[in-house]
Amino acid sequence: MLQSRINSVAVENRVMKRIFSSLCSRLLLPSSWYAKILAVLLFMPVFASAAWFNATWSYRVPINIPAGTTVNSTIKADVDFAALLTTLGAAGTFDVNSPRVTRADGTTLSTIQEFTDSIYAGTTDATGNSRGEVRFILEDAGPATYYLYFDVAANGPKATNPQTPINGNFERGGTGTATPPGWNASTRTNGNMDIQIRPSETVTVADQTTVNTSGIPNTGQFSYLIGYRTNTDSGGTATLTKSITVPASSPGNMIIRFEPEGWDSGANGSTTNYDFIRVRLLNPSTSAVLLDVVGPQLNNYVTCPFSPNYRTSAATSTAPGYGPYNNWDNGTGSNNHTLGMSATYNRGLQPWVACSVSLAGVAGQTVNLEIRVDNVSQYRSWFLLDDVEWSVVVVTLGTPETGVVVPGGFNAYETATAPATAISGVIKTKISAQAFNLDLVALNTAKTGIEPGFTGAVKVELLDSSNNTGALDANGCRSTWTVIQTLASQTFAAGDAAITGSAGRHRITGIAENNAWRDVRVRVSYPGTGVATAIGCSSDNFAIRPNQFSPVSVSDTNWSAAGTVRTLYNTSDTGGNVHKAGQPFSIGATAVNALGNTTTNYNGTPAGSLTSCILPVSGCTLGTFNVGTWVAASGVIASTTATYSDAGAFAMQFVDTTFSNVDAADGSTTVERYITSAIFNVGRFVPDHFDGITANTPGFLTFNDAACGTRSFTYIGQPFGYALSPQALLTAKNASGATTINYRGALWKIATTDVTQAYTYTLTPASTPGLTTVMGAPVITSNNNGSGTVSPNSTDTLTFNRNLTTPQSPFTAAINLSISVSDSSESGVAGNGVIASTTNAQFNSIAFDSGNAFRYGRLKLTSAHGSELLNLPVPLEVQYWNGTSFVTNTADNCTMFVASNMRQNNYTNNLSACKTGASIGSRLSAGRGNLVLVKPGAGNNGSVDLAVKLTTIVATDKSCVAPPLAAQVNATSANASWLKGKWSGSASYDQDPFARATFGVYKNPNEFIYMREIY
């Protein structure tokens, strides 16, 4: 029961309870007394003040309506709002739109009411000085208490008062308005007549004379102009009407204030001549005159001059009349005041006239107030109207009150935070320049729950909360957090339409911050301006990230240096810009917000996320992309140390996964937190260099003849090849020495012309005969993994050059081979180059399969003679230079000749071609051959010249081959130039060996060892 009673008490009683609890605590009363004493107080008769008109209004002051004041009276009060705020101890700038008058219940607005900022204490007052005049039409008879609500701008701007104004002072409507707000209608019979609200002004008007006329209102900033001032008077009437209800009792008076000006005149009792103002109260149904207020019909020109001149004749020096400007009852000669008017009405003066009449005769009636100006065409006359009022009762004000509940603090969180009474929650990652919403909550004093009674305007700021060096204060804020942006003023209302169960919770929509921030908090302060009495910073911080990276760039200066000369978007496997794998190139990105503008605060370090492998088309494996070191400047980031580890092309995007790390644990998804670019292509990359190693142990073929079983040397000048060809393993690598495995398929571009084979040698004893190589196209095989093998052509031969003039001593040879490759296919594009080998495949001291000795040789052929009846052996041997002389080369068991190598010519005596022929075994033995000429037979004595054709053959070189003997055949070459000698007196070892074979000639007697004759 007690709790129910406590909960039913209005806001004022909640404030009372707080004060009471504090007082009890200071009096050191036992806590058990609190409830007892409070219950007594609460169950005492409660004289509660009126309910509060609107929770968004913070202050009010009672208006004391005195007893006897009748309904429909005009209530007037001069109000100094600055003084009222001081009394309340409140700070802030008075909101000129905030005054509202309510009836005694505190909530129902008075139907007709107004606040005039420019009038105070019955005179013109400066605007913006927090004081003015309040008027309203009373709807409840006195005594009564009405309420005047007001506020400061910091508590949220208030709209213009929607209620109908009295507007007897014409301060509403603005310059040029014909029918002022609160008035019924304005009419004129001549369109040249003035009917409009005018500001304070001085206007030059020319008629009978030219004058600077006063347009200064009686009070305030505006008055109403009616008659002819702007245009020449061409006659007519102008009327302004308003409906009013006169109080039934104590109706008081009606007062009309006007300023007559012009050159025409009127007279008492004359309603036809000439220019005058007439004010009447009319029956709204019949238009019958109920009460005359101003006009000739009242015959009171002296006290209420209804025209600027008196009398209907032209003025003379001694008599008033039309023609002069504002001469009233004076002649033109002097201020003679023929009617006895006061000095206020001296010639040319422009006084405001105040005419008053009792409303007793129309008490309790609703009437039409008609203000009418009649003009007869000739001289201009016009009237300014101001401060029309009736039945005015001046009232006093009571003690100002406040309806504000000051919270203990504030928090902010996502709009989806539940329940509606939550006091804390998270704020997820936001995107710069993309509007988002948050809920603000007012906390109770203990900050353990929402303060549902709080209403009022607050200041909301976004803070850069990245600097936490300052101490955390009681409001959850640090002094080192700086303001990013102050949002539009927000007002906590009794119920926020966007939130269910929203007392103490307010939704702020359309928040947008154009820049990027890693660590942001929301600070809420009350009141919205001035010194804050309640502050709270959001318990959760959040990031405002860029929307994306755009544009992005990938470029270089050349294929091994970073820069911005060339772009690297090449995805073709031939041509275009290429860059060496592992060598630095440039990348860049601009962080932009949702509007596409640069977020200059961004200084993150995105990674490169590879999304797909483009080249090579088949078997493509993504390498490693390294962004290098980012340098940020005003939202633009760049790196000149980016690298890619492999060959080919790929697609990628920049992804910053860390900028929004403050939201990593608050439920923000990676889509919400990560900053990405669009996917873009990068390429093409090529190996930085090639490295070679030996892949086998090759061997030379001694004597270049695998069919010869016994070999130990090779002749100088004799070509030799490989018993087992070298095989080099060449690997494409990046700048760090790792294999570029994507250098394969269409990207593998090593041609046979890109292979370099370099031979070197060392001879023992040392000499430098020179080495001649005959090389065919090497064999290149890709392993489809960034490596491949290179082997010399199987037909390749090497030859130690044979000196044709000086025999060379025997030596042993150690021969080395270096194999390297290059790729020149990219060099046709500016900035590209040739991919070269940095480490060659080096084959050192390649072994021979059967000896690495080399000898300088020659073939010797010796003349022979014998019986034509016997086969004739012809001595043939190979010799080598042993350093001193030529000796038989007994190690040669490989040299071979055929019979057709023996040229036979110059036949003599009875010996003719092919009577004999050559026969020889295939290979030499111990350096000697078994060349034999078959016996020509009896009667075929004679000689033939022999030569072994080692190289060149001419058409006349013929040979007879036996057995069997047949016709001559063309001689053939033995292809053994290394066995040529210095014969026939030649100066060079370039001659084929030759000899003569003679049949039928015997040896000299001293050449026989034993001779026996048989008979």
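Residues numbered from 1 in each chain as written. Predicted model: local features only at pLDDT ≥ 70, side-chain atom pairs only at ≥ 80, totals over all residues. Heavy atoms only, no water.

Caption draft 1: The sheet that holds strand β63 (residues 902-905), seen in detail. Spatial strand order, β60-β69-β66-β63: four strands in an open sheet with mixed pairing. Each edge of the open sheet is held by one strand with a lone partner, namely β60 (864-866) and β63. Each neighbouring strand pair of the sheet contributes to a mean axis angle of 20 degrees, computed without reference to strand direction. Pairing of β63 with strand β66 (residues 942-948) involves four bridges; the strand directions are antiparallel. In the strand pairing of β66, Gln904 is matched with Leu946. (Pairing = 2+ DSSP bridges. Helix = DSSP H or I, 4+ residues; strand = E, 2+ residues; numbered from the N terminus. Axes fitted to C-alpha atoms, helices over the stretch in contact; angles between N-to-C directions.)

Caption draft 2: Inspection of the packing of aromatic side chains at higher detail. Tallied over the entire structure, the rule returns 54 aromatic pairs. Here the aromatic residues Phe700, Phe720, Tyr722, Tyr761, Phe800, Phe811, Phe848 and Phe854 are joined through ring pairs into a cluster of three or more. Here Arg60 stacks its cationic end above the ring of Tyr147, 4.2 Å away from the centre of that ring. Lying over the aromatic face of Trp183, Lys242 brings its terminal NZ or CZ to 5.3 Å of the ring centre. (Phe/Tyr/Trp six-rings, centres within 6.5 Å; stacked < 30°, edge-to-face > 60°. Lys NZ or Arg CZ within 6 Å of the ring centre and 35° of its normal.)

Caption draft 3: Here's a closer look at the pairing of strand β8 (residues 144-150). Summarising burial for β8: six of the seven residues are buried, a large majority. Here strand β1 (residues 59-65) pairs with β8 via seven bridges, running antiparallel. In the sheet register, Tyr59 faces β8, and the bridge partner there is Phe150. In terms of strand pairing, strand β3 (residues 100-102) meets β8 through three bridges, oriented antiparallel. Considered in β8, the bridge of Arg100 is made with Tyr149. (Buried < 20%, exposed > 50% of the residue type's maximum accessible area, 1.4 Å probe, protein only.)

Caption draft 4: Molecular detail of the side chain of Thr789. Mapping Thr789 onto the fold places it in strand β53 (residues 787-791). Aside from chain neighbours lying at most four places away, what touches Thr789 is Gln727, Ala728, Leu729, Val779, Ile780, Thr781 and Asn783. (Contact = heavy atoms within 4.5 Å.)

Caption draft 5: Representation of the domain arrangement of the chain. Looking at the chain, the domain boundaries give domain 1 (185-394), domain 2 (412-449 + 467-545), domain 3 (548-686), domain 4 (689-854) and domain 5 (856-999). Placing the centre of domain 4 and that of domain 5 at their C-alpha centroids yields a distance of 39 Å. Roughly 1,700 Å² is buried in total at the junction of domain 4 and domain 5, and carbon and sulfur atoms are behind 58% of that figure. Ranking the residues of domain 4 by area buried against domain 5 places Tyr715, Arg802 and Pro807 at the top, with a combined share of 37%. Where domain 4 meets domain 5, there are nine residue pairs in polar contact (both at pLDDT 80 or more). (Domains from an automatic or database assignment. Buried area = accessible area lost by both parts, 1.4 Å probe. Polar contact = N/O pair within 3.5 Å; in protein donor to acceptor, adjacent residues only side chain to side chain.)

Caption draft 6: Structural view of the sheet that holds strand β18 (residues 353-358). Strand order in the open sheet made by the five strands is β10-β13-β20-β15-β18, with antiparallel pairing throughout. At either margin of the open sheet sits one strand with a lone partner, and together these are β10 (194-199) and β18. Averaged over all adjacent pairs, the angle separating strand axes in this sheet is 30 degrees, with direction ignored. Pairing of strand β13 (residues 222-227) with strand β20 (residues 381-390), which is carried by four bridges, proceeds in the antiparallel orientation. If you follow Tyr224 over to β20, its bridge partner there is Leu385.

Caption draft 7: A look at the pattern of salt bridges. In the structure shown here, the tally under the stated rule is 32 salt bridges. Ionic pairing is found between Arg903 and Asp957, a salt bridge with its closest N-O pair at 3.6 Å. Of the two residues, Arg903 is situated in strand β63 and Asp957 in the loop between β66 and β67 (958-959); the sequence distance between them amounts to 54 residues. Across the pair, Asp957 and Arg903 agree in class, each one buried. (Salt bridge = Lys/Arg side-chain N within 4 Å of Asp/Glu carboxyl O.)

Caption draft 8: Representation of the layout of surface pockets. Estimated volume of the largest pocket: approximately 370 Å³. Along the walls of the largest pocket sit 20 residues, with Val96, Asn97, Phe115, Thr160 and Arg172 positioned nearest its centre. At four residues, the largest contribution of residues to the lining of the largest pocket is made by strand β4 (residues 113-116). Counted by class, the lining of the largest pocket contains six nonpolar, nine polar and five charged residues. (1 Å grid on protein atoms, 1.4 Å probe; cavity = no way out; pocket = protein on both sides within 12 Å on 5 of 7 lines; lining within 4 Å. Points joined across faces, edges and corners; volume = space filled by probe spheres on them. Nonpolar A, V, L, I, M, F, W, Y, C, P; charged D, E, K, R; others polar.)

Caption draft 9: Representation of empty space enclosed by the protein within the structure. Evaluation of the coordinates by the stated rule reveals one cavity of 30 Å³ or more. Quantified by volume, the largest cavity comes out at close to 40 Å³. Along the walls of the largest cavity sit Ala647, Gly648, Arg684, Phe685, Val686, Pro687, Tyr743, Leu747, Lys749, Asp823 and Glu826, which together make up its complete lining. In terms of residue class, the lining of the largest cavity is made up of six nonpolar, one polar and four charged. Residue-level mapping places the lining of the largest cavity at the junction of two domains, with at least three residues from each of domain 3 (548-686) and domain 4 (689-854).

Caption draft 10: Spotlight on the nonpolar core. The biggest cluster of nonpolar side chains holds 46 residues, and the ones touching the most others in it are Met254, Phe258, Ile277, Leu281, Val294 and Leu385. Counting 37 residues, the second largest nonpolar core, distinct from the first, contains Ala647, Tyr743, Tyr759 and Tyr856. (Core = buried A, V, L, I, M, F, W, Y, C linked by side-chain atoms within 4.5 Å.)

Caption draft 11: Inspection of the environment of Asn326 at higher detail. Looking at the secondary structure, you find Asn326 in the loop between β17 (289-294) and β18. Sequence separation of Asn326 and Ala926 is 600 residues, and the distance between their C-alpha atoms is 161 Å. Separated by 3.2 Å, the side chain of Asn326 and the backbone oxygen of Pro260 make a polar contact.

Caption draft 12: The state of the cysteines, seen in detail. All told, the structure shown has five disulfides when counted by the stated rule. For Cys304, the disulfide goes to Cys355, at an S-S distance of 1.9 Å. Disulfide Cys304-Cys355: the torsion about the S-S bond is 105 degrees, which places it as right-handed. With Cys304 in the loop between β17 and β18 and Cys355 in strand β18, this pair connects stretches of sequence that are 51 residues apart. (Disulfide = S-S within 2.5 Å.)

Caption draft 13: Molecular detail of the pairing of strand β57 (residues 841-848). Here strand β46 (residues 699-700) pairs with β57 via two bridges, running parallel. The residue of β57 that forms the bridge with Gly699 is Ala847. Bridge count between strand β55 (residues 811-821) and β57: four bridges; the pairing is antiparallel. Across the sheet, the residue bridging to Leu817 is Phe843, located in β57.

Caption draft 14: Highlighting helix α4 (residues 81-88). Inspection of α4 places Phe81, Leu84 and Leu85 among the buried residues, and these make up the whole buried set. Within α4, the buried residues cover an arc of 100 degrees as seen down the axis, which keeps them to one side. Those residues of α4 that are exposed and angled more than 90 degrees off the buried face are Thr86 and Thr87. In this fold, the buried residues of α4 make contact with β1, β2 (74-80), β4, β7 (131-137) and β8. Downstream of α4 by one or two residues, Gly89 has phi in the positive range, about 75 degrees. (Arc of directions from axis to C-beta.)

Caption draft 15: Broad picture of unusual backbone geometry. With an omega of -25 degrees, the peptide bond between Asn273 and Tyr274 qualifies as cis. Note that Tyr274 resides in the loop between β15 (253-262) and β16 (276-282). Residue Pro527 is reached from Tyr526 by a cis peptide bond, and omega for that bond is -5 degrees. Mapped onto the fold, Pro527 is located in the loop between β31 (517-526) and β32 (534-537). Even without being a glycine, Ala121 presents a positive backbone phi close to 55 degrees. Position of Ala121 among the secondary structure elements: in the loop between β5 (119-120) and β6 (123-124). In this structure, Ser130 takes a positive phi of about 65 degrees despite not being glycine.

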